[in-house]
Amino acid sequence: MNLSDLLSDKLKDQLKETIGNQPMDIGQSSEDDENDIRSELERQALSRKDEVNADFLFRDGDREDDLVEVTVVDGYPAPVSITFEQLAISEENYEKLLSNLEIIALDKNRKKVEAACEQVEQFGEDAVEVIFREADLFDLGQPELKATVTRLVGRLTRRSLKGRETLLGILKGSNVEQYLKIAIMAAGEIRMLESIPDILKHARSRETMEPAFEALMNMRSSRSVMPMVEIITNLDATDTQLLDFMRRVSRRFDVFTADNVQPIFEIYMNCEMAHVRALLGNIVNAFGNDAVPYLLEVLHKTEVPDKQVKACITLGRMQTPYTTNALLEALDKFPTKQYAIVKGLSYTRDKRVADVLCKVLQTNEEMKVIRECIRAIGFSGNANHIAVLSEFSNDRDFRIYLDATAAMTGLGDSKAFEKFVEILTTGSPEEQTAIQTSLISSLNTRQLVQLASRILSLPDNQAISIVTALRKPDRLPNEIGSIIQEKLRQNSSTPLRLEIYRLIGKHANQGSELLPQSVLYDAFDQETIPRVKQEIASILDKMRSVIVSPGQRRRS
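Because the structure is predicted, anything quoted here is derived from the model rather than measured.

**Q** Any chance you could break down the overall build of the protein for me, citing the residues and the numbers?
**A** Looking only at helices and strands, the protein features 30 helices and two strands. The buried share among the 556 residues of the protein stands at 54%. Counting only contacts in the protein whose residues sit at least 6 apart along the sequence, the fraction spanning at least 24 positions is 72%.

**Q** Before we move on, can you summarise the packing of aromatic side chains with the specific residues and values?
**A** With the rule as written, the count across this model stands at six aromatic pairs. On the basis of an interplanar angle of 80 degrees and a centroid distance of 5.3 Å, the ring pair of Phe84 and Tyr179 is categorised as edge-to-face. Of this pair, Phe84 sits in the loop between β2 (78-81) and α3 (91-106) while Tyr179 is found in helix α8 (residues 177-189), placing the two residues 95 residues apart along the sequence. Both residues of the pair, Phe84 and Tyr179, belong to the buried class. Through pairs of rings, three or more aromatic residues link up here, namely Phe84, Phe132 and Tyr179. A cation sits over an aromatic face here: Lys310 above Tyr268, 6.0 Å from the ring centre. One Lys or Arg, Arg349, reaches over the ring of Phe379 and ends 4.1 Å from the middle of that ring.

**Q** Lay out the nonpolar core with the relevant residues and their values.
**A** Counting residues in each nonpolar core, the largest one holds 132 residues, and the members touching the most others are Ile104, Phe138, Phe213, Phe253 and Leu357. Those residues in contact with Leu357 that sit more than four places away from it in its chain are Leu331, Val342, Leu345, Cys373, Ala376 and Ile377. Membership of the second largest hydrophobic core comes to 45 residues, among which are Leu402, Ile500, Tyr501 and Leu503.

**Q** Got a sec to walk through unusual backbone geometry? Specific residues and values, please.
**A** Despite not being glycine, Arg220 has its phi angle at roughly 60 degrees, a positive value. Checked against the element boundaries, Arg220 lands in the loop between α10 (209-219) and α11 (225-232). In this structure, Arg349 is a non-glycine residue whose phi angle is positive, near 55 degrees. For Arg349, the position within the fold is in the loop between α18 (338-345) and α19 (352-363). What makes Arg349 partly exposed here is its relative accessible area of 40%.

**Q** Break down helix α14 (residues 274-286) for me, citing the residues and quoting the values.
**A** With 13 residues, α14 should cover 18 Å at 1.5 Å per step; its first-to-last C-alpha distance of 18 Å lies within 8% of that length. When we look at burial in α14, the residues that qualify are Val276, Leu279, Leu280, Gly281, Asn282, Ile283, Val284, Asn285 and Ala286. As for α14, its buried residues are in contact with α11, α12 (240-250), α13 (261-270), α15 (292-301) and α16 (305-318). Phi turns positive, to about 60 degrees, at Gly288, one or two residues after α14.

**Q** Before we move on, could you go through the confidence of the model for the protein and cite the residues and values that matter?
**A** For any part of a model where pLDDT is low, the fine detail of the predicted coordinates should not be relied upon. For the protein, the average pLDDT comes to 87, and 88% of its residues sit at 70 or higher. Confidence drops under a pLDDT of 50 for residues 1-27, and excluding neighbours within four residues, the segment shows 54 contacts in the predicted structure. Scored below 50 in pLDDT, residues 53-59 makes 13 contacts in the model with residues more than four places away or belonging to other chains.

**Q** Lay out α11 with the relevant residues and their values.
**A** Those residues of α11 that fall on the buried side of the exposure criterion are Val225, Met228, Val229, Ile231 and Ile232. Down the axis of α11, the buried side of the element spans an arc of 160 degrees, and every buried residue falls inside it. Looking at the buried residues of α11, the elements they touch are α9 (196-202), α10, α12, α13 and α14.

**Q** Requested: an account of the pattern of salt bridges, with residues and values cited.
**A** According to the stated counting rule, one finds 36 salt bridges in the structure shown. The shortest N-O distance in the salt bridge between Arg159 and Asp36 comes to 2.9 Å. Here Arg159, found in the loop between α6 (143-157) and α7 (161-173), pairs with Asp36, found in helix α2 (residues 31-51); they are 123 residues apart in sequence, far enough to count as distant. Here Arg159 falls in the buried class, since its relative accessible area comes to 7%. Given a relative accessible area of 35%, Asp36 falls into the partly exposed group. Between Arg454 and Glu418 there is a salt bridge; the shortest N-O distance is 2.6 Å. Of this pair, Arg454 sits in the loop between α25 (445-453) and α26 (460-470) while Glu418 sits in helix α23 (residues 414-426), and the two are 36 residues apart along the sequence. What makes Glu418 partly exposed here is its relative accessible area of 40%. Here the residues in one salt-bridge network are Asp33, Asp36, Arg158 and Arg159, joined through shared partners.

**Q** Give a description of the side chain of Thr233 that names residues and reports values.
**A** Relative to the helices and strands, Thr233 resides in the loop between α11 and α12. Among the polar contacts made by the side chain of Thr233, one reaches the main-chain carbonyl oxygen of Glu230 at a distance of 2.5 Å. With sequence-adjacent residues up to four places away left out, Thr233 is seen in contact with Ile267, Met273, Val276 and Leu280.

**Q** I'd like a rundown of the packing of α26 against helix α28 (residues 494-507), residues and numbers included.
**A** Running from N to C, α26 and α28 cross one another at 15 degrees; their axes reach a closest spacing of 9 Å. Relative to α28, the element α26 lies roughly parallel. The two elements α26 and α28 meet at a crossing, and its hand is left-handed. Across the interface between the two elements, Asp460, Ala463, Ile464, Val467, Thr468 and Leu470 of α26 pack against Pro495, Leu496, Glu499, Ile500 and Leu503 of α28. Of the residues assigned to the contact of α26 with α28, the class counts are eight nonpolar, one polar and two charged.

**Q** So what's going on with the environment of Val421? Residues and values would help.
**A** Note on placement: Val421 falls in helix α23. Taking relative accessible area as the criterion, Val421 reaches 6% and is therefore assigned buried. With eleven residues separating them in the primary sequence, Val421 and Gln432 have C-alpha atoms 9.8 Å apart. Residues within four places of Val421 in sequence aside, it is in contact with Leu451 and Arg454.

Each value, and the rule that gives it
Residue positions within a chain follow its written sequence, with the count starting from 1. Side-chain atom pairs in this predicted model are given and counted only at pLDDT of 80 or more, local residue features only at pLDDT of at least 70, and totals for whole chains, interfaces and linings cover all residues. Note: side-chain values were computed over all heavy atoms of the structure, leaving out hydrogens and water. Helical segments are the DSSP runs of H or I of at least four residues, strand segments are the runs of E of at least two, and each set is numbered from the N terminus. For every residue, the accessible area obtained with a 1.4 Å probe (protein chains only) is divided by the maximum for its type, and the residue is called buried under 20%, exposed over 50%, and partly exposed between those limits. In what follows, residue pairs with any heavy atoms lying within 4.5 Å of each other are defined as contacts. Classification of ring pairs uses Phe, Tyr and Trp, with its six-membered ring standing for Trp, and accepts pairs whose centres are within 6.5 Å; under 30 degrees between planes counts as stacked, over 60 as edge-to-face, and the remaining range as tilted. Put simply, a charge is over a ring when the Lys NZ or the Arg CZ is close to the ring centre, within 6 Å, and near the line of the ring normal, within 35 degrees. Among buried residues, those of type Ala, Val, Leu, Ile, Met, Phe, Trp, Tyr and Cys that are joined through side-chain atoms within 4.5 Å constitute a nonpolar core. By this rule the span expected of a helix is its residue count minus one, scaled by 1.5 Å. In predicted models, pLDDT denotes the confidence assigned by the predictor to each residue on a 0 to 100 scale. This arc is taken over the directions from the axis of the helix to the C-beta atoms. We define a salt bridge as a contact between a side-chain nitrogen of Lys or Arg and a carboxyl oxygen of Asp or Glu at a distance within 4 Å. Pairs of N or O atoms are called polar contacts if they sit within 3.5 Å, as long as, within protein, a hydrogen donor faces a hydrogen acceptor (for residues adjacent in sequence, only side-chain-to-side-chain pairs). A fitted line through C-alpha atoms serves as each axis, taken over the contacting stretch for helices, and the angle formed by two N-to-C directions is quoted from 0 to 180°. When an angle is under 35 degrees it counts as roughly parallel; over 145 it counts as roughly antiparallel; between 65 and 115 it counts as roughly perpendicular; any other value is oblique. The crossing is said to be left-handed when, going from far helix to near helix, the turn is anticlockwise and less than a right angle, and right-handed when the turn is clockwise. Residues were grouped as follows: Ala, Val, Leu, Ile, Met, Phe, Trp, Tyr, Cys and Pro as nonpolar; Asp, Glu, Lys and Arg as charged; and all remaining residues, including Gly, as polar.

Put into structure tokens, the structure is as follows:
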């Protein structure tokens, strides 16, 4: 046994002493705990410096170009091997570790998996390199397994200088995707702040963007906020799976400090891409009450209409009594800004809003304010407000009747619903476009299903208007999937089939998936018209399906 092995054994024993009975959830460590860990890492670094010359850290067989120099503790750089071809562990212990890793990767019995994790932990930091050597065992597409591996590597590296150096070495020098994902997730689990620059680098790659963002969110460091926002502003509008992931992430930015609200809001203001603008709006909204003072200041001081509107919408989307009251107070205080304020109130879904807006309808003659009042009442009112809206249901000025019909439909008026369907399917191109692009949002989940079911009885040239409208919402009820599948079985016209394929593609690989993507693959095989096959191929390309497979493990 060489000096490197002796050192490894000593550090392994220290690691066992320090992590012995700690809980598995290590993501929320206290500041005192973090300071204690930092002191422990410094002691390990000092011990290594005193006992071992750096030359001994180069294992037999390691080439200099296989090593990456990293610094976890200031003043103590170390070379790290990232190939894992030579391990500081006996063959016997390697086989024991491998056996337990196979249980973790493949066994469905949770108790057996937990027992295997405990066995792996007995080997301390030496287990880390074996885990990476056998990384292809783990199907990281399985959420439970992904979490298990993350926690396991986190426990092994949290108080281990050598383990942290391995993670940092991989992040700095490896191009093996599986290594990178595990290292990123573990670094986030233990809040390894020194890894932030490297994780941000990997956050720019599509293959590692999702684990990188998760890790950065776990670290809660403000220095990562604006780089993350910059990455979000460059997202591909056709990558539906990634956008769905980012929607979830964007609602969690409250883990960061509120001093980020102003610069993010300014980027939001100047963004012209709808899919990015929605995410930036979510981010500002996520700060909740902490963002309210700045947003109210924007409303009070700016005379830029678009900026007023975005500030009010963000306030409205918070849907708290505090923000609703702030907007209602502003309605009287700033009469020249009523359009923006009413637009914000339409997002509150607060039942108090409808009665106030009915009074505004009686006093305001500005057409765009009237339109926004009608839409807002449709979102926040009840059946008692239908009579007020019906007064505008025949108003042809600026097509206000369309807004009134949609709002009454949203409040449950059956006659208005029939008129809504009639306009959508047989109205003028301008009327159909108005419903398809914005007024479809007036319908609730049940009404969307009712609307979709009409395509089964309508002629194709009318049904296509409904399917086009259904492409507007970001989420649709699952029941619509079976409806459009049934319509495909009716030997529908080519234009209608194409529109249905586009609808399926929009929601594929998301929580709002209507039908499995296999429907599109089958359609590609069955369709004979070149133009249709070409369109389906384009839809499949845009879906960018990401499927992680376990792969083949590598053995020594």
